[in-house]
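# An overview of the molecular structure
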Amino acid sequence: MVDLKKVTKTFHPGTANERRALNGIDLHLDSGDFVTIIGSNGAGKSTMLNAIAGVWPIDSGSISLDGQEISSLPEHRRAALLGRVFQDPMTGTAADMQIEENLALAARRGKKRGLAWYITAGEREEYRQLLSSLGLGLEDRLTAKVGLLSGGQRQALTLLMATLQKPKLLLLDEHTAALDPKTAQKVLEITDQIVSEHKLTALMVTHNMNDAIRHGNRLIMMNNGQVIFDCRGAEKDSLTVEELMEKFAQCAGGALASDRALLG
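Residues numbered from 1 in each chain as written. Predicted model: local features only at pLDDT ≥ 70, side-chain atom pairs only at ≥ 80, totals over all residues. Heavy atoms only, no water.

With that settled, consider the pairing of strand β3 (residues 34-39). On any regular strand, side chains alternate: one points to one face of the sheet, the next to the other face. Along β3, six of the six residues are buried, which leaves the element largely enclosed by surrounding structure. With burial as the criterion, each face of β3 is covered, one bearing Phe 34, Thr 36 and Ile 38 and the other bearing Val 35, Ile 37 and Gly 39. Sheet analysis places β3 next to strand β8 (residues 202-205), joined by four bridges and oriented parallel. Each residue of the ladder has a partner; that of Thr 36, found in β8, is Met 204. (Buried < 20%, exposed > 50% of the residue type's maximum accessible area, 1.4 Å probe, protein only. Helix = DSSP H or I, 4+ residues; strand = E, 2+ residues; numbered from the N terminus. Pairing = 2+ DSSP bridges.)

Right, let's get into the sheet that holds strand β1 (residues 2-11). Spatial strand order, β2-β1-β4-β5: four strands in an open sheet with antiparallel pairing. Each end of this open sheet is capped by a strand with a single partner; those strands are β2 (19-29) and β5 (68-69). Across the sheet, helix α1 (residues 45-53) lies against β1, β2 and β4 (60-65), angled at about 70 degrees from β2, the strand it touches most. (Contact = heavy atoms within 4.5 Å. Axes fitted to C-alpha atoms, helices over the stretch in contact; angles between N-to-C directions.)

Further remarks concern the pattern of salt bridges. Applying the stated criterion across every chain, the model contains 11 salt bridges. Asp 66 is the salt-bridge partner of Lys 168, the closest N and O atoms lying 2.7 Å from each other. With a gap of 102 residues between them, Lys 168 in the loop between α5 (151-163) and β7 (169-173) and Asp 66 in the loop between β4 and β5 connect regions that are remote in the sequence. Owing to a relative accessible area of 35%, Lys 168 belongs among the partly exposed residues under this scheme. Taking the relative accessible area as the measure of exposure, Asp 66 reaches 41% and is therefore partly exposed. (Salt bridge = Lys/Arg side-chain N within 4 Å of Asp/Glu carboxyl O.)

Positionally, Val 205 belongs in strand β8. With relative accessibility at 1%, the residue Val 205 sits in the buried group. Taking the C-alpha atoms as reference points, Val 205 and Leu 244, 39 residues apart in sequence, are found 16 Å from one another. Sequence-distant contacts of Val 205, that is, excluding residues within four places in its chain, are made with Ile 37, Lys 45, Leu 49, Leu 172, Asp 173 and Glu 174.

Relative to each other, helix α3 (residues 99-107) and α5 sit at 30 degrees, their axes nearing to 8 Å. Viewed along their axes, α3 and α5 adopt a mutual orientation that is roughly parallel. Crossing of α3 against α5: the hand is right-handed. Of α5, the residues touching α3 (which contributes Ile 99, Asn 102, Leu 103 and Ala 106) are Leu 157, Leu 160 and Met 161. (Parallel < 35°, antiparallel > 145°, perpendicular 65-115°, else oblique. Left-handed = near helix turned anticlockwise from the far one by under 90°.)

Ile 99, Leu 103, Leu 131, Leu 157, Leu 159 and Leu 170 are the most contacted members of the largest nonpolar core, which has 35 residues in total. Among the elements of the structure, α3, α4 (121-132), α5, β7, α6 (181-198) and β8 are those that each provide at least two residues to this core. Apart from the residues within four sequence positions on either side, Ile 99 is in contact with Leu 131, Leu 138, Arg 141, Leu 142, Ala 144, Val 146, Leu 149 and Leu 157. Within the second largest apolar cluster, 31 residues are counted, among which are Ala 21, Ile 25, Leu 171 and Leu 203. (Core = buried A, V, L, I, M, F, W, Y, C linked by side-chain atoms within 4.5 Å.)

What follows concerns α6. Between its terminal C-alpha atoms α6 stretches 26 Å, which fits the 26 Å expected from 18 residues at 1.5 Å a residue. Buried within α6 we find Ala 184, Val 187, Leu 188, Ile 190, Thr 191, Ile 194 and Val 195. End-on, the buried residues of α6 take up no more than an arc of 160 degrees, which puts them together on one face. Residues Lys 182, Ser 196 and Glu 197 are exposed on α6 and point more than 90 degrees away from its buried face. Against β3, α5, β7, β8 and α7 (209-214) lie the buried residues of α6. Its side-chain oxygen placed 3.2 Å from the backbone nitrogen of Lys 182, Asp 180 serves as the N-cap of α6. Just beyond α6, the residue with positive phi is Lys 199, at close to 50 degrees. (Expected span 1.5 Å × (residues − 1). Arc of directions from axis to C-beta. Polar contact = N/O pair within 3.5 Å; in protein donor to acceptor, adjacent residues only side chain to side chain.)

What follows is about the confidence of the model for the chain. Across the chain, the average pLDDT comes to 87, with 92% of residues at or above 70. Across the chain, β8 holds the top mean pLDDT of 95, while helix α9 (residues 241-252) sits lowest at 81. (pLDDT = per-residue confidence, 0-100.)

Reading across from one edge, β6-β7-β8-β3-β9-β10 is the order of the six strands in this open sheet, with mixed pairing throughout. A single partner strand is all that each edge strand has here, and the edge strands are β6 (82-85) and β10 (226-232). Across the sheet, the axes of successive neighbouring strands diverge by a mean angle of 20 degrees, strand direction being ignored.

Next up, the structure:
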């Protein structure tokens, strides 16, 4: 489903601030893989997601999605293939619009629009059922402004919007980092539910090692813009945080420089 081959990206080349963010990274995802990604700050985790999304062009290498080479596609062309949820709950929704209006925008993404834009009774009932599955009571607040929702409610709504059209790939960039622990766990439960029900392929960046172990079917560790550890199945399920820290020290040659990795 996803192939990154020898992808490189350097920021501020030829200056005192030059930084190699992706260093010839190779990564292959099968259809239905739910991959959690961990690593130190500056390891290249979010940079890799931005490279896939087309936020800026890569320097070399190739990126393919479902057999289609997308390295040269602009960001707005890739958006039809991807769903994305960011760390900031305020990103991904329109605060001054109603919940049902936000969902309607997501449902119409990439479709031809005319002057007769409106929400039908059938669509409204569909949105009510989708929101009911979240277990947050939002199905009774269809006309509420999104800006009035809590961070967790807004992030759950963003997840729903990002997956309404069954994207080829779902990108989750620390989408629970700004939430309190209880709310973060609820959003992660909803994430598991949506990914499983729709059989989505997903990449989830997290600093929380417990979450990285508990969620998804595969875990990769990044350092200096490369994948240094990759495990799945029974090997992943049996890991402990202590073992994961030891793996990092063995593969990277040093301790993981992030206290946040031990939270939870």
